[in-house]
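# Coordinate analysis (summary)
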Amino acid sequence: MILKNYMYTAPEYFTKEEVAQIHQHAKTVPLDMGRTGHGQEDPDSPPENEEVGVNNEIRQSKVKWFTAPGPYQMPDNINEKIHAIVNQGMSECEWNFTLDFVENYQYTIYEHNPHLPTGDFYTWHTDHGGEIRNDTGMPHHRKISMTIQLSDPLDYEGGKFQWLEPNPQYDRIKFRDKKLDIDSAIRTLPFSAQAIGSICLFPSWVYHQVTPVTRGTRISIVGWYNGPPWT
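Quantities reported herein were computed from a predicted structural model and do not represent experimental measurements.

## Digging into the packing of helix H1 (residues 16-26) against helix H2 (residues 76-93)
For the pair H1 and H2, the least separation of the axes is 10 Å and the interaxial angle reads 120°. As judged from the angle between their axes, H1 and H2 are oblique. Seen from above, H1 lies across H2 with left-handed handedness. Facing H1, whose interface residues are Glu18, Gln21 and Ile22, H2 presents Asn77, Ile78 and Lys81. Partitioning the contact of H1 with H2 into residue classes produces 2 nonpolar, 2 polar and 2 charged.

## A short note on the side chain of His140
Along the polypeptide, His140 turns up in the loop between strand S7 (121-125) and strand S8 (141-149). Here His140 falls in the buried class, since its relative accessible area comes to 1%. Within the structure, the side chain of His140 is placed 2.8 Å from the side chain of Asn226, a separation counted as a polar contact. What His140 contacts, discounting residues up to four positions off in sequence, is Phe101, Glu131, Ile132, Arg133, Asn134, Asp135, Asn226, Gly227 and Pro229.

## What to know about unusual backbone geometry
With omega at -5°, the peptide bond leading from Ala68 into Pro69 counts as cis. Within the secondary structure, Pro69 is located in the loop between strand S4 (62-66) and H2. Even without being a glycine, Glu12 presents a positive backbone phi close to 50°. Considering the arrangement of structural elements, one finds Glu12 in the loop between strand S1 (8-10) and H1. Unusually for a residue other than glycine, Asn96 sits at a positive phi of about 55°. Position of Asn96 among the secondary structure elements: in the loop between H2 and strand S5 (101-102). For Asn96, a relative accessible area of 65% corresponds to the exposed category.

About the criteria used
- Per chain, residue numbering runs from 1 following the sequence as it is written.
- Where local features are concerned, this predicted model is filtered to residues with pLDDT of at least 70; where side-chain atom pairs are given and counted, the filter is 80 or more; whole-chain, interface and lining totals use all residues.
- Side-chain figures throughout are based on the complete set of non-hydrogen atoms in the structure, without hydrogens or water.
- Geometry is summarised by axes, namely lines fitted to C-alpha atoms with helices restricted to the contacting stretch, and by angles between N-to-C directions that run from 0 to 180 degrees.
- Helix and strand assignments come from DSSP, with helices taken as H or I runs of at least 4 residues and strands as E runs of at least 2, each series counted from the N terminus.
- An angle below 35 degrees is read as roughly parallel, one above 145 as roughly antiparallel, one from 65 to 115 as roughly perpendicular, and any other as oblique.
- Should the near helix be turned anticlockwise from the far one by less than a right angle, the crossing is termed left-handed; should it be turned clockwise, right-handed.
- We call two residues contacting when some pair of their heavy atoms lies within 4.5 Å.
- Asp, Glu, Lys and Arg are counted as charged, while Ala, Val, Leu, Ile, Met, Phe, Trp, Tyr, Cys and Pro are counted as nonpolar; the rest, among them Gly, fall into the polar class.
- Buried, partly exposed and exposed residues are distinguished by accessible area as a fraction of the type maximum, computed with a 1.4 Å probe on protein chains only: under 20%, between the cut-offs, and over 50%, respectively.
- Polar contact criterion, stated in full: a pair of N or O atoms within 3.5 Å, where within protein one must be able to donate a hydrogen and the other to accept it, and residues adjacent in sequence count only if both atoms are side-chain atoms.

What follows is the structure, encoded as structure tokens:
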């Protein structure tokens, strides 16, 4: 699918007070390992075996789940503000996806780990691989992914959010240049969009990654908006 825009950003959309509110709320939520799925309907839910779904060659991080309903759910004022910017981004980017619900938000922690071969990271992946999920009783696909920056980018190094845009590759093919150049397709979130409180949105099938953190700690909120299966 060729789109005019693959990424929507709203720099410093959340105030520092709202970011502090999210951090304070996260203190009450249990810590879990970052996972890559484990064959359940909800690939991000904690499994019975805590080691299932942990693959440090693909992902190395820690997470907390703002599960709803219940005491761990995202505060209402933050939730409402997320919904508003998702609707705005969808309109401005002309994505026009049908959305039904948002999954539990993930509070994600990437740290520098001097005792490990590399700092925390999440290598190239998509949030939607074509599978149809039925955990809500209705079939659905992840359609919009979003990330909220909760750390000051000056407090860490590495941890760059990058994504792949296919258009440069298609342009090469169009002009009969059959040599693929992945570097020309990599985009990195600009510094302005990494400021604390910033949010970015992108279609869930877009390949993206977080590069290893080499100093400090990078914390973010990740969420996924779902809708009926693509037809």
